[in-house]
Amino acid sequence: MNHALSLKIGPATFRIGSAWRQPVEALARLYADYPDAAGKVADFTVRLEPAGLFRRWLRPSIFITGDHGLADAAPMSLTHGLLAAEMGMNLQMALGWRRHLLLHAASVERDGQALVMTGESGSGKSTLAAQLGERGWRLMGDEFALLDLATGDVLPFPRLVSLKNRAIDVLAAEAPAPRMGPLLAATAKGDIRHLVPRSDAVRRMGQGARPALLLFPRFGHAAAVRGVGQGEVFMRLTQASTNYVALGEPGFAALTRFVRSVPARAIDFPSGEEAIAMVDRLWEELA
Amino acid sequence: MNALLLVRALRDPDGVAALDDGGDGAGWNALIAMARAERLIGTLALRIGDRLVPQAVAPILADARLDAEREARQALWEADRAAEAIAPLGLPVVLLKGTAYAAAGLVAGQGRFIGDLDILVPRPSMQAVEQCLLRAGWEWVKDDPYDDAYYRQWMHELPPMIHAGRDRMIDVHHTVLPVTARQRPDAAAMIGDAVPITNELYILSPEDRLCHAVAHLLADGDLAGGLRNLWDIHCLLEGLDPVALDERAARHGIRPHVRQARRLAAALYGDGARLTFWDRIVVARLLARDGWGRERRKLLRFAFYLRSHWLRMPPAMLARHLFTKWRKGHRPA
Amino acid sequence: MPHRYCQDGEDAVATCVLEDMVLLYHRPSGQTHMVISPVPEILAALAEGAALTASEVHGELSRHYDLGPAEEALPQIEAHLAELTALGLVRLA
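None of the values given here were measured: they were computed from a predicted structure.

Observations concerning the packing of helix α1 (residues 21-30) of chain A against helix α2 (residues 81-96) of chain A
Residues and elements named next belong to chain A.
Here is step 1 of the chain: α2 packs onto α1 with a crossing angle of 75° between their chain directions and a minimal axis gap of 8 Å. In terms of orientation, α1 lies roughly perpendicular with respect to α2. Residues Gln 22, Pro 23, Ala 26 and Leu 27 of α1 touch α2, and the partners they reach there are Gly 81, Leu 82, Ala 84 and Ala 85.
Here is step 2 of the chain: For the contact of α1 with α2, the class distribution of residues is 6 nonpolar, 2 polar and no charged.

In structure tokens:
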């Protein structure tokens, strides 16, 4: 393809091809401090193609596909090309990754132990993980947590953090400007800005941690902590995993081991500050 | 670049040792993207086997092998469920395509992507089979009356059904080509000569397996995914008696197609063959895939798309069908 | 003749207890089922190649558990067996 770039994020290598220069340039700038993957064999190919015959030039419109794709994926505007590339990589992981149990979850590490947070988009897990990542925790990832099938450790997937709407200002106030990506206004999910994880998160992206606490955060409610039964945890994690079924019995073994060994709580919180205080308290108590 | 890279790797897996020569990953990246796009990555992984490959490639191939294993296991389970659902009718359930190859342990099944369950049942039993499946938890995929009527009147199968609990599709065929197609394979003979592999499950005879694969590739399809179908044919040809095959193909009215398929399989996956002008166009269509996994040669593909419908339908009906599809927003990919 | 039921093969299911629930991983289908009592007990009664009728299962279970009146327990066991058969965890012998 006309423009191409290879990236390594955690254990996965991506080859991204694009019909346009802009998405690849934006990626190259934000992933500049990641390990050099040029000339490596990629686990996945991502393609950003014109959505129609003339859509490379005329109202340029991106169709996201690759080794794995969705036939009915909605085309995206070229001004959101960076987001398209990120979505393309996520799509490959979600549909094609088989080397770990993949949980749609954010994770952070302290003292060799991992805090895993899962919930639907809008639950605040991504923002919370990003904030913790600026305050003494190591950010392992805001989107996918990878559960090792043999050891049970959580492995990082520290791609760019995707900040949405109100979370943008919250993190812009904490993180230095050079680590913030361009504002992508009015995407299908509202305004989006990417945040480059801190350099230790990138440097240690091959290092896993033992999972010590699982949280189901929920933003926008009065502060509350609730225990969650193992059956419910299992159900919610199978729903949060894109490859549980595909992994078969090893996935079953890894997930049941996780559910039986990691304490779980649902937390409601009205603000980021309160969430961080709750996390610290629960971490002291349970991890 | 075209898919000859993939074809060569399947034909001669020892050759992949030279792929890394550039040291820039380009050869392997192209091969893997093509194999995934053609749904041949599992087959490729099994062909390469224990041969030495670069460190980054080994886990990709291992994943593909595991996916293929799971694929086969699930396909066999779907076949088991369908057989159980249909058991009260006392009919032979003839497995077709990927599930059949997996169930019988054929070389064609090794690493093969499977997807839907395809079974062949006698035409007079179609309604009873449909009722059994509905009772056992399958349901219609689409509720478009035009599509439904079209399937029932003209196609060689029931409209596709999906199992609500397991999310897997089944295609119930009563013959192997659409009723409108110019060739009329003898489905009753195929069922009559099917061979048992378990108490309830059957597969087609070796000659019929090949005839079906050929019908699927050349008489029916627009050759999308054709490299995989041709790989099936290459594997199924192994050990077949050419004379018996020729006779059987004549009975099904597809002798020229079977002969062409043999030439194509020999040219791409075997020891070579003399190709006709038309064969060369088909080969160009089959190989239209680049190192990013993209389909190339849009015009050639579109020509084959039109041709596939032309082969299946009388012209007036084709016009009506394409027009109805077009009004609903369907465009060839 | 009442139906006889048996497990789907010796080694078909991996189990894992999560507090008051039991997870069953069914190897041939790759499906995970989450069940509660008396389903695990019914499956256990069919272990080791046993092929039992619903009332034999009832008899087996009532040796270990208090099932209450048979006219209520038996239809429940029959319903569970039918459901397990539909899932493929249990087969008609």
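And the narrative resumes.
A look at the environment of C:Val39
Residue and element names in this part refer to chain C.
Here is step 1 of the chain: Along the polypeptide, Val 39 turns up in helix α1 (residues 39-45).
Here is step 2 of the chain: When the 18 C-beta atoms within 10 Å are taken as the criterion, Val 39 is described as partly exposed.
Here is step 3 of the chain: Spatially, the C-alpha atom of Val 39 lies 8.7 Å from that of Leu 84, the residues being 45 residues apart in sequence.

Comments concerning the interface of chain B and chain C
Many structure descriptions define interface size as the accessible area lost when the parts assemble.
Here is step 1 of the chain: Facing the 5 residues of chain B at the interface are 4 residues of chain C.
Here is step 2 of the chain: Across the side of chain B that touches chain C, the residue classes tally to 1 nonpolar, 1 polar and 3 charged.

Quick notes on the domain arrangement of chain A
Residue and element names in this part refer to chain A.
Here is step 1 of the chain: Taken domain by domain, chain A holds domain 1 (3-96) and domain 2 (100-286).
Here is step 2 of the chain: For domain 1 versus domain 2, the distance between C-alpha centres works out to 24 Å.
Here is step 3 of the chain: With 16 residues of domain 1 at the contact, the number on the domain 2 side is 22 residues.
Here is step 4 of the chain: Breaking the side of domain 1 that touches domain 2 down by element, the ones donating at least two residues are α1 and α2.

Considering the nonpolar core
Here is step 1 of the chain: If you look at the biggest cluster of nonpolar residues, it comprises 199 residues, and the most contacted ones within it are B:Leu6, B:Leu31, B:Val94, B:Leu95, B:Ile119, B:Val214 and B:Ile233.
Here is step 2 of the chain: Sorting elements by how many residues they give to this core places helix α4 (residues 57-86) of chain B first, with 13 residues.
Here is step 3 of the chain: Each of domain 1 (3-96) and domain 2 (100-286) of chain A contributes no fewer than three residues to this core.
Here is step 4 of the chain: Here B:Val214 is in contact with B:Ile233, B:Ile254, B:His257, B:Val258 and B:Ala261, once residues within four sequence places are set aside.

What counts and how
- Sequence order as written defines the numbering, with residues in each chain counted from 1.
- Chains and ligands are labelled by the order in which they are written, letters from A for the one and numbers from 1 for the other.
- The predicted nature of this model means local features are confined to residues of pLDDT at least 70 and side-chain atom pairs, given and counted, to a pLDDT of 80 or more, with totals for whole chains, interfaces and linings taken over all residues.
- Angles here are taken between N-to-C directions and fall from 0 to 180 degrees, while the axes themselves are lines fitted to C-alpha atoms, restricted in helices to the stretch in contact.
- Strands here mean DSSP runs of E at least two residues long; helices mean DSSP runs of H or I at least four residues long; both are numbered from the N terminus.
- For classification purposes, angles smaller than 35 degrees are called roughly parallel, those larger than 145 roughly antiparallel, those between 65 and 115 roughly perpendicular, and all remaining angles oblique.
- For the purpose of contact definition, each residue receives a C-beta atom placed from its backbone, and two residues are in contact when these atoms lie within 7 Å.
- Any residue that is not Ala, Val, Leu, Ile, Met, Phe, Trp, Tyr, Cys, Pro, Asp, Glu, Lys or Arg is counted as polar, Gly included; the first ten are nonpolar and the last four charged.
- Every C-beta atom is placed from the backbone, and the number of other C-beta atoms within 10 Å of a residue's own sets its class: buried at 20 or more, exposed at 12 or fewer, partly exposed in between.
- The domain limits used here are those given by an automatic or database domain assignment.
- Take the buried Ala, Val, Leu, Ile, Met, Phe, Trp, Tyr and Cys residues, join any whose C-beta atoms are within 7 Å, and the set you get is a nonpolar core.

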